[in-house]
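# Fold and contact review
So you can see what is in the structure, the chains are spelled out below.
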Amino acid sequence: MNKIKVLFFATIRDKAGTKSVELNIPNEMTVQALKEKLANEYPNLKDSLKAVLVSVNQEYSFDDAVIPFNAEIALFPPVSGG
Amino acid sequence: MQPSNFPTIYSITESEIDLNDLLAKITLPSTGAAAIFTGMVRGVTSRDDPHETVYLEYESYVPMAEAKMKQVADEIREKWSSVEGIAIVQRIGKLYPKTPTVLIACTAAHRDTGVFEAARYGIDRLKEIVPVWKKEVGPNGEEWIEGDYFPKAGE
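Residues numbered from 1 in each chain as written. Chains lettered and ligands numbered in written order. Predicted model: local features only at pLDDT ≥ 70, side-chain atom pairs only at ≥ 80, totals over all residues.

### Remarks on the sheet that holds strand β2 (residues 33-40) of chain B
Residue and element names in this part refer to chain B. Strand order in the open sheet made by the 4 strands is β1-β6-β8-β2, with mixed pairing throughout. Of all the strands in the sheet, the pair left with one neighbour each is β1 (8-13) and β2. Between one strand and the next, the sheet's axes are offset by a mean angle of 5 degrees, whatever the strand orientation. As paired strands, β1 and strand β6 (residues 86-91) are joined by 6 bridges and run parallel to one another. (Pairing = 2+ DSSP bridges. Helix = DSSP H or I, 4+ residues; strand = E, 2+ residues; numbered from the N terminus. Axes fitted to C-alpha atoms, helices over the stretch in contact; angles between N-to-C directions.)

Here's what the structure looks like:
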C-alpha cells in the first residue's frame with residue numbers, strides 16, 4: 001500500500017468539506033483512479049472533478065500518471081490569482 | 001555581473017506589498033529601467049458583468065505557488081536575457097478595494113530591452129500556472145472566481 005496526502009483548495013475544499021485527507025492507496029494507482037476513488041468517497045466532488053487540476057509533489061500531473069510513494073497530491077480548480 | 005547573480009524575488013505574503021523595498025532589491029548598478037505591473041482589488045466593475053466588490057479573499061497552495069513563481073521568473077529570463085532583476089509577489093488573505101494584490105517588476109539596463117513585455121508576460125503566466133484562488137464577496141453574496149487555463153505537462 002501507498003500512504004499519500006491529498007490537499008483540497010478553493011471550491012474543491014468547500015465541496016469536500018475538508019482541507020486534506022490521508023489515504024492508503026494501492027501501489028501503481030493512477031491519478032485517474034484516485035479521482036474515481038475520491039468521487040466515490042466525496043459525492044459532492046463528482047462534478048467538480050471533471051475539470052479539476054491535479055498536482056503531484058507540487059508539479060502539475062495528469063490522468064495517466066502513476067502516483068509515487070508518499071506523494072503529496074493536491075486537487076484544485078483552474079487558478080485565479082493576480 | 002553574471003546572470004546567476006541577478007536578483008530574483010518570489011513570494012506569497014499576507015503582508016502589504018512594499019514597492020520601494022522590492023524595487024531597491026532588484027536595482028543593480030547597471031539598472032536604468034524598471035517595468036512594474038501591480039493589480040489591485042477593483043471595487044466597481046463596469047466591463048462584462050457590472051457589479052460591486054466588498055472584498056476579495058485570496059488563498060494559495062504556498063509551496064507550489066512559490067515554485068511556480070520561480071518557474072515564471074526562469075521563463076522570463078529565457079525569453080529576455082536583458083532582464084536583470086525580477087520580483088513576483090502575490091498577497092493573500094482578505095483584501096479590500098484599492099489594495100494592491102500582486103506585483104511583477106522587471107529591471108533592465110534600458111527601457112527598450114523588452115522589459116515592458118517581460119513584466120506583461122510575468123503577470124499573464126502567474127494567472128495561468130500559479131496556484132492562487134480568490135473568492136469575491138459582494139453586497140449580495142460570495143462566489144469563487146475560477147480561471148480557465150489548463151496547464152499542460154511540464155508547465
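### Some points on unusual backbone geometry
Most peptide bonds take the trans form, and the phi angle of most residues other than glycine is negative. Residues and elements named next belong to chain A. Even without being glycine, A10 reaches a positive phi, approximately 55 degrees. Overall, the presence of 25 C-beta atoms within 10 Å leaves A10 in the buried class. Non-glycine residue E28 carries a positive phi angle of around 70 degrees. Given 9 C-beta atoms within a 10 Å radius, E28 is considered exposed. (Buried ≥ 20, exposed ≤ 12 C-beta atoms within 10 Å, placed from the backbone.)

### Regarding the sheet that holds strand β9 (residues 132-138) of chain B
All names here are of chain B. The strand order across the open sheet formed by 4 strands is β7-β5-β9-β10, and the pairing between neighbours is antiparallel. Single-partner strands in this sheet number two, and they are β7 (93-95) and β10 (141-145). Looking at each pair of strands side by side, their axes are set apart by 25 degrees on average, direction ignored. The pairing of strand β5 (residues 55-60) with β7 spans 3 bridges and is classified as antiparallel. If you follow Y58 over to β7, its bridge partner there is G93.

### As for the interface of chain A and chain B
On the side of chain B, 28 residues touch chain A, which itself brings 17 residues to the contact. At the level of elements, α1 (10-16), β3 (53-56) and β5 (72-76) of chain A are the ones that each hand at least two residues to the side of chain A that touches chain B. When its residues are assigned to classes, the side of chain A that touches chain B shows 11 nonpolar, 6 polar and no charged. (Contact = placed C-beta atoms within 7 Å. Nonpolar A, V, L, I, M, F, W, Y, C, P; charged D, E, K, R; others polar.)

### As for the environment of I12 of chain A
Residues and elements named next belong to chain A. Following the sequence through the fold, I12 ends up in helix α1. Sequence separation between I12 and L49 is 37 residues, and the spatial gap between their C-alpha atoms is 8.4 Å. Aside from chain neighbours lying at most four places away, what touches I12 is L45, S48, V52, L75, F76 and P77.

### Examining the nonpolar core
One finds I73 and F76 of chain A together with I88, A105 and C106 of chain B to be the most contacted residues of the largest nonpolar core, which totals 56 residues. In this structure I88 of chain B touches Y10, M69, V72, A73, I104, G122 and L126 of chain B, once residues within four positions along its chain are discounted. (Core = buried A, V, L, I, M, F, W, Y, C linked by C-beta atoms within 7 Å.)

### Overview of the pairing of strand β8 (residues 100-108) of chain B
Looking along a regular strand, one sees side chains alternate from face to face of the sheet. Residue and element names in this part refer to chain B. The element β8 is extensively covered by neighbouring structure, given that 8 of its 9 residues are classed as buried. Bridge analysis of β2 against β8 gives 8 bridges, and the strand direction is antiparallel. Considered in β8, the bridge of F37 is made with I104. As defined by bridge partners, β6 adjoins β8 across 5 bridges and the pair is classed as antiparallel. Residue pairing across strands places A87 opposite A105, the latter belonging to β8.

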